[in-house]
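Residue-level structural notes
Here's the letter readout for the chains.
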Amino acid sequence: LGTTEATGLHLIATDSLEQIQNVPTPSTILSTCFDHSGKVLATGHDDGIIRLWSLPTLALAAELKGHQGPVRAVAFTPSDCLISTSFDSTTRIWSVPHEAEIGVLDRADGGGLSVVVGERGEFVSIGYANAMHTIEVSDFPGEPEGQDR
């Protein structure tokens, strides 16, 4: 079980609820999400960076940079994409295996507040202060240029 406390990750045993490990982070964590395998934890930070952590060691595996504002929400799709939304008025789509951005959705009237991936991964919904935007995953851009899965 992983929990966050402002600028740190805490690994807690589910049977005893005792803290096993504490990993400081360089900035405040605003959002978290486990991938579908349970082997990666994504954290969205107030410095605009998304950090990917290997589980159960909590070793930093990658940093995804592209947002110009705090990352408010993160969510994995079953196809190894990560969706992130930020106060910079963008929602970004990332290829996790390639550690690369593969798409950007701009919204002039403000950034998303939440991201939810449908149970089977076919839809992504982004919640805004005054609206909700739902996208079919099949509409996502392809892999990063010059890279094959």
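Everything in this summary refers to the structure shown in the same document.

Considerations on the pairing of strand 10 (residues 90-95)
- For strand 10, a buried count of six out of six residues is recorded, marking the element as mostly surrounded by other parts of the structure.
- A two-sided burial pattern is seen for strand 10, the buried positions comprising Thr90, Arg92 and Trp94 on one face and Thr91, Ile93 and Ser95 on the other.
- Note: strand 9 (residues 81-86) against strand 10, five bridges, orientation antiparallel. Within the sheet, the bridge partner assigned to Ile83 lies in strand 10 and is Ile93.
- Taken together, strand 9 and the strand that follows it, strand 10, pair antiparallel across an intervening segment of three residues, in which Ser89 is found at a positive phi of about 75°.
- The pairing of strand 10 with strand 11 (residues 100-106) spans six bridges and is classified as antiparallel. If you follow Thr91 over to strand 11, its bridge partner there is Leu105.
- With antiparallel pairing between neighbouring strands as the criterion, strand 10 and strand 11 make up a hairpin whose turn holds four residues, including Glu99 at a positive phi of roughly 50°.

Describing the sheet that holds strand 5 (residues 40-45)
- In spatial order, the strands read 4-5-6-7; together these four strands make up an open sheet with antiparallel pairing. Looking at which strands have only one partner, the edges of the open sheet turn out to be strand 4 (29-34) and strand 7 (59-65). Neighbouring strand axes in the sheet, compared pairwise and without regard to direction, differ in orientation by 25° on average.
- Examined bridge by bridge, strand 5 and strand 6 (residues 49-54) share five bridges and lie antiparallel to one another. Paired with Val40 across the bridge in strand 6 is Ser54.

The rules we used
Residues numbered from 1 in each chain as written. Predicted model: local features only at pLDDT ≥ 70, side-chain atom pairs only at ≥ 80, totals over all residues. Heavy atoms only, no water. Buried < 20%, exposed > 50% of the residue type's maximum accessible area, 1.4 Å probe, protein only. Helix = DSSP H or I, 4+ residues; strand = E, 2+ residues; numbered from the N terminus. Pairing = 2+ DSSP bridges. Axes fitted to C-alpha atoms, helices over the stretch in contact; angles between N-to-C directions.

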